[in-house]
Amino acid sequence: MNVLTDNFSLYGKGLWGTVQLTLLAGALALAVGVLIAGFRVSPVKALRVFGTAWVTVLRNTPLTLLFFAVLLGLPRFGVVLPFMVFAVLALGAYTSAFICEAVRAGINTVPLGQGEAARSLGMTFTQTLSLVVLPQAARSVIPPIGSTLIALAKNSAIAGSFSVTELLGTYKPLNERGYGIVWTFVWIAVGYLIVTLTLAGVFGLLERKLGVAR
Amino acid sequence: MTAGSALYDIPGPKALARHRLYAWITTAVLVALVGFVVYKLVDTGQFSAVKWRPFTYQGIQRLLLTGLANTLKAFGWAALASLVFGVVFAAGRLSDHRVVRWTSTLVVEFFRAMPLLVMIFFIFIALKLDPMLALIIGLTLYNGSVLAEVFRAGVNAVPRGQREAAYALGMRKTQVMPYVLVPQAARAMLPAIISQLVVALKDTSLGYLITYQEFLYSGKLIATNLDYDLPFIPVVMVIAPVYIGMCVLLSWSANRIARHERRSPKAKGVTVTTALPEEI
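About the criteria used
All residue numbers here refer to positions counted from 1 along the written sequence of the relevant chain. Each chain takes a letter, starting from A, and each ligand takes a number, starting from 1, following the order in which they are written. Reporting of local features is limited, given that this is a predicted model, to residues whose pLDDT is at least 70; pairs of side-chain atoms are given and counted only at 80 or more, and all residues count toward the totals for whole chains, interfaces and linings. Starting at the N terminus, helices and strands are each numbered in turn, a helix being any DSSP run of H or I of at least four residues and a strand any DSSP run of E of at least two. Computation of the radius of gyration draws on C-alpha atoms alone. For the globule rule, the value is 2.2 Å times the number of residues to the power 0.38. Our exposure labels follow a C-beta count within 10 Å of each residue's own C-beta, placed from the backbone: buried means 20 or more other C-beta atoms, exposed means 12 or fewer, and partly exposed covers the counts in between. Contacts are defined on C-beta atoms placed from the backbone: any two residues whose C-beta positions lie within 7 Å are in contact. UniProt positions are given in the numbering used here, feature names are shortened, and annotations may be inferred rather than shown by experiment. In predicted models, pLDDT denotes the confidence assigned by the predictor to each residue on a 0 to 100 scale.

If you tally the helices and strands in chain B, you get ten helices and zero strands. On C-alpha atoms alone, chain B measures out to a radius of gyration of 25 Å, which is more than a quarter above the 19 Å that the 2.2 N^0.38 rule sets for 280 residues. Considered along the principal axes of its C-alpha atoms, chain B spans approximately 75 × 65 × 30 Å. Looking at chain B as a whole, 39% of its 280 residues are labelled buried. A separation of at least 24 residues holds for 74% of the contacts in chain B among residues at least 6 apart in sequence.

Following this line, the structure appears as structure tokens:
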């Protein structure tokens, strides 16, 4: 029990690191994911091909390999950034592929008539997508995006093994200080549950407020 | 979506010209980006003979192949064990006995909510198991729990009439499940099961973090060797296509099965749609 009370600031720092990673990478993933989803339904073939390639490659790359390539490979390449930024880039790029697929599935749930009506009003593709279809799709993609972001929070644990400050990484200093390993992990688990349950709660609330069943 | 997409009109000559322009711009930007990356790679000496020579050594090739074999071994065992785990706990969650149902639900929900890496580290550090065993057990607990949800969703998605008809014919509880519900559910679940196996295959690379001698770990051993001038980028260039290739092959077979199932006349009778748990 006193693992937590003695090392409150260490746990707090770790938890804060996890929260930061989740929020920053989540924002990046949402932005990139929606953009790539737009590419994948666009009339320009080159953009569609690019979008498909992006999603296929990132969905099928193990996240550990991506971390390995970005955090250990890029510095050799002459790109030197803080590890935190690298971790956000890797997590964000990886998750964006899943967000893209969720958004694309959401776009397909919007009735055809909506897009047709927008076009018959003379709207262009960008207008149709951003003003008519996406706002409606957003309501039906809340649950899948929620579970993708929860998975992102869980995946952020990998960053700890690549010298980024986050929750799982706290086990090492605690172990060195001689605390019981089981209780250390119990509190780490509780920390992750706090993050994931909060996310689940927020998205549940969003769904109740905005969601529609299609 | 019959003629093209509902999102844009069928392009006329002007729009076609504009789309061609966009296509050219996209291609130009991508080519410029690839060119820049290649330039940077050459500039930082990533194609130097020193960094690539290790891959011609037989010892290094054997190291990589052993790593790949270890990855596939962990994947095979984990896949098998998580299928068994999934079946057992799905049956538990569908049980008529409240205690069994609640315990299974608790177990499945707990292991789904925990980050896989936390479980693997816990098994590896606290229980002091061998890295391979820790990886396989961790993968089994996580993927098995997700598969249990897939199986449960699949069985529940079979139309209620099927179960009722089976009971009306006088079948027992233990007959209804294997003879009526599972065969119909399995058809719909197969793509979801395979995509979960892709996740398991990807997650075997977590073994790298607990020093299990798998594919990525072999790569790391080569990449951190000073004699070869730290060939990180060449190692990634060799390893990434193999991982991506294996996963694409599995996902592709999942898609093929899904498409085949949709067209199969046998699937006409009942359409079973499962809400897939997240595969990530």
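Attention now moves to the UniProt feature "domain: ABC transmembrane type-1" (unreviewed entry) in chain A. Taking the UniProt record as the reference, the feature "domain: ABC transmembrane type-1" (unreviewed entry) is found at residues 15-203 of chain A. Note that residues 15-203 of chain A is 81% helix and 0% strand, and that its end C-alpha atoms are spaced 20 Å apart.

Here the focus is the confidence of the model for chain B. All names here are of chain B. Confidence in the prediction for chain B averages 88 pLDDT; 93% of positions are at 70 or higher. Within chain B, helix α3 (residues 58-93) carries the highest mean pLDDT (94), whereas helix α2 (residues 49-52) carries the lowest (84). Among the prediction metrics, the complex's ipTM stands at 0.87, with pTM recorded as 0.89.

If you look at the interface, chain B gives 43 residues, while chain A gives 47 residues. Among the secondary structure elements, those contributing two or more residues to the side of chain B that touches chain A are α1 (13-43), α5 (116-126) and α10 (232-263) of chain B.

A few words on unusual backbone geometry. Residue and element names in this part refer to chain B. The phi dihedral of Thr211 is positive, around 55°, even though this residue is not glycine. Residue position: Thr211 is located in the loop between α8 (173-203) and α9 (215-223). Despite not being glycine, Leu230 has its phi angle at roughly 45°, a positive value. By secondary structure assignment, the location of Leu230 is in the loop between α9 and α10.

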